[in-house]
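# Observations on chain architecture
Take a look at the letters that make up each chain.
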Amino acid sequence: MTGPADLARQVLDVVENLVPLWFSAVEDVTPRLSPRQVLALRAVRHRPELNLTALAEQLGVGLPTASRLCDRLEAAGLLQRYVRLDDRREVRLVVTARGRGLLADVTERLSVRLTEALGALPQAERARVEQALRALG
């Protein structure tokens with residue numbers, strides 16, 4: 001039986017092997033976005049109440065960096081910013097239909113890559129992966 005530290009190293013190995021799959025899915029979409037831009041879109045899509053300050057905090061970047069990131073996403077038609085009428089200092093962020101389509105494309109490409117990777121595993125290994133994911137989930 002392995003201890004928590006051994007198991008943590010094994011999970012880390014798996015994550016390090018999954019990250020390149022995610023990067024390759026991101027690199028294949030048009031327009032080309034940085035991984036941080038995709039993470040920003042995902043964050044805004046999952047939290048519709050997100051404002052620029054909260055996005056900066058979630059991404060671990062400064063407010064000017066988050067603002068420039070949003071500038072690029074807005075210029076690409078993937079994100080819109082709205083000034084709240086009751087508080088003009090607060091800027092709300094909304095993923096556009098084009099942005100939602102891009103995120104769906106990334107998800108589909110990643111799903112294909114994961115299906116291929118998992119399909120290459122023997123059935124017993126896939127069952128263990130499924131069991132581990134349920135335990136972590």
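Residues numbered from 1 in each chain as written. Predicted model: local features only at pLDDT ≥ 70, side-chain atom pairs only at ≥ 80, totals over all residues. Heavy atoms only, no water.

## What about the environment of Asp 6?
- By the secondary structure assignment, Asp 6 is in helix H1 (residues 4-27).
- The exposure class assigned to Asp 6 is partly exposed, which follows from its relative accessible area of 34%.
- Each C-alpha atom of the pair Asp 6 and Arg 88 lies 51 Å from the other, and the pair is 82 residues apart in sequence.
- Within the structure, the side chain of Asp 6 is placed 2.6 Å from the side chain of Arg 9, a separation counted as a polar contact. (Helix = DSSP H or I, 4+ residues; strand = E, 2+ residues; numbered from the N terminus. Buried < 20%, exposed > 50% of the residue type's maximum accessible area, 1.4 Å probe, protein only. Polar contact = N/O pair within 3.5 Å; in protein donor to acceptor, adjacent residues only side chain to side chain.)

## Observations regarding H1
- Compared with the 34 Å implied by 1.5 Å per residue over 24 residues, the 34 Å span of H1 between its first and last C-alpha is a close match.
- All of the buried residues in H1 are Trp 22, Ala 25 and Val 26.
- Along its buried surface, H1 packs onto helix H2 (35-46) and helix H5 (97-119). (Expected span 1.5 Å × (residues − 1). Contact = heavy atoms within 4.5 Å.)

## Some thoughts on the side chain of Asn 51
- Looking at the secondary structure, you find Asn 51 in the loop between H2 and helix H3 (52-59).
- The class of Asn 51 is buried, set by a relative accessible area of 17%.
- Among the polar contacts listed, one links the side chain of Asn 51 to the backbone nitrogen of Thr 53, at a separation of 3.2 Å.
- Those residues in contact with Asn 51 that lie beyond four places of it in its chain are Glu 90, Val 91 and Leu 93.

## Re the nonpolar core
- Counting 30 residues, the largest nonpolar core has Leu 41, Leu 55, Leu 73 and Leu 79 as the members making the most contacts within it.
- For this core, the elements supplying multiple residues, two or more each, are H1, H2, H3, helix H4 (63-75), strand S2 (91-95) and H5. (Core = buried A, V, L, I, M, F, W, Y, C linked by side-chain atoms within 4.5 Å.)

## Some words on the packing of H1 against H2
- Running from N to C, H1 and H2 cross one another at 90°; their axes reach a closest spacing of 10 Å. Classified by the angle between their axes, H1 and H2 sit roughly perpendicular to one another. Touching Trp 22, Phe 23 and Val 26 of H1 are Pro 35, Val 38 and Leu 39, all from H2.
- Residue composition of the contact of H1 with H2, grouped by class: six nonpolar, no polar and no charged. (Axes fitted to C-alpha atoms, helices over the stretch in contact; angles between N-to-C directions. Parallel < 35°, antiparallel > 145°, perpendicular 65-115°, else oblique. Nonpolar A, V, L, I, M, F, W, Y, C, P; charged D, E, K, R; others polar.)

## A word on the pattern of salt bridges
- Applying the stated criterion across every chain, the model contains eight salt bridges.
- Linking Arg 9 and Asp 6 is a salt bridge whose minimum nitrogen-to-oxygen distance equals 2.6 Å. A residue pair is termed a helical-turn pair when its members lie 3 or 4 positions apart in one helix, as Arg 9 and Asp 6 do in helix H1 at three residues.
- Between Asp 71 and Arg 81 there is a salt bridge, with the nearest N and O atoms lying 2.2 Å from each other. Remark: Arg 81 occurs in strand S1 (residues 79-83) and Asp 71 occurs in helix H4; sequence separation between them is ten residues.
- In this structure Asp 71 comes out as partly exposed when scored by relative accessible area, which is 37%.
- Beyond isolated ion pairs, a larger network of salt bridges with shared partners links Asp 71, Glu 74 and Arg 81. (Salt bridge = Lys/Arg side-chain N within 4 Å of Asp/Glu carboxyl O.)

## Considerations on a nonpolar patch on the surface
- Nonpolar side chains collect at one region of the surface, where Leu 7, Val 11, Val 15, Val 19, Phe 23 and Leu 136 lie side by side and expose about 500 Å² of accessible area between them.
- Its place among the elements puts Phe 23 in helix H1. (Patch = residues over 30% accessible without salt bridge, like charges linked within 9 Å, V, L, I, M, F, W, Y side chains within 5 Å. Areas by Shrake-Rupley, 256 points an atom, 1.4 Å probe, with all protein chains shown as cover.)

Remember that the coordinates give geometry; whether it matters functionally is a separate question.
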